[in-house]
Amino acid sequence: IDEQFSIVQCFSITKCFPDGIDSEMLKKILTSSSVEVRLIRNGMSSREAPIIAQCLNSNPPLALLDLRDNRFGDADAAVLANSLSSNTNLTALYVDGNNIKEEGRLALLRALFDVSSLNSCAASNHTCRIWGLEQEISDLNDCK
């Protein structure tokens, strides 16, 4: 069989696991050859965040990851943000409807465009767009 036809382009699991997705299953989903993975309303939280981050660090062919309406918080957003610097394939990450507040939003925004130094700016992930962050990237320029 031609490899092109054996690839599942989009994998979607919505509202199937109210208390989160089994670790092994999540790893298999995220390390598959799927280009889009949608894991909406599955009760995922701090247990799944490091697994997702580890998979993103490995730079799979995944271009879109939809994590809307789960239970991720600021610490989880920071874990995910750290994995974005080494990922060059992910172009869209959806995080709407989670418990991500200011600290988590800023961590994700800095992963995309860190203005703290020229080196940080150059090392930022410029290919990924994150949906569901209500604050604009210009907030990073505010001195606090």
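Analysis parameters
- Residues numbered from 1 in each chain as written.
- Predicted model: local features only at pLDDT ≥ 70, side-chain atom pairs only at ≥ 80, totals over all residues.
- Heavy atoms only, no water.
- Helix = DSSP H or I, 4+ residues; strand = E, 2+ residues; numbered from the N terminus.
- Buried < 20%, exposed > 50% of the residue type's maximum accessible area, 1.4 Å probe, protein only.
- Contact = heavy atoms within 4.5 Å.
- Areas by Shrake-Rupley, 256 points an atom, 1.4 Å probe, with all protein chains shown as cover.
- Pairing = 2+ DSSP bridges.
- Right-handed = clockwise from strand over helix to strand, strands pointing away.
- Salt bridge = Lys/Arg side-chain N within 4 Å of Asp/Glu carboxyl O.

Enquirer: Can you help me understand the overall build of the chain in this one?
Expert: For the chain, the helix and strand inventory stands at 5 helices and 5 strands. What you see in the chain, going N to C, is helices and strands ordered as β-α-β-α-β-α-β-α-α-β. Taking all 144 residues of the chain together, 41% fall into the buried category. Sequence separation of 24 or more characterises 81% of the internal contacts of the chain that already satisfy a separation of 6 or more. Summing over all exposed atoms, the chain offers an accessible surface of approximately 7,800 Å²; the carbon and sulfur share of this is 51%.

Enquirer: For this particular structure, what's the right way to read the pairing of strand β1 (residues 10–14)?
Expert: The side chains of a regular strand alternate, first on one face of the sheet and then on the other. Two elements, β1 and strand β2 (residues 36–40), share 5 bridges in a ladder whose sense is parallel. Residue Ser 12 lies in a different strand from β2, and its bridge partner there is Arg 38. Viewed along the sheet, the connection from β1 through helix α1 (residues 23–30) into β2 turns out right-handed.

Enquirer: Before we go on, may I ask you to explain the pattern of salt bridges in this structure?
Expert: Should their charged atoms come close, side chains of opposite charge can pair. Within the structure shown, the criterion is met by 6 salt bridges. The partner of Glu 24 in a salt bridge is Lys 27, with the nearest N and O atoms 3.6 Å apart. In this pair, Glu 24 and Lys 27 are both assigned in helix α1, 3 residues apart and thus about one turn of the helix distant. Classification of Glu 24 as partly exposed rests on a relative accessible area of 45%. Notably, a salt bridge pairs Arg 41 with Asp 69, separated by 3.6 Å at the nearest N-O pair. Residue Arg 41 is found in the loop between β2 and α2 (49–57), and its partner Asp 69 is found in the loop between β3 (64–66) and α3 (74–84); the two are separated by 28 residues along the sequence. Overall, the relative accessible area of 32% leaves Asp 69 in the partly exposed class.

What is shown is where atoms sit, not what they do.
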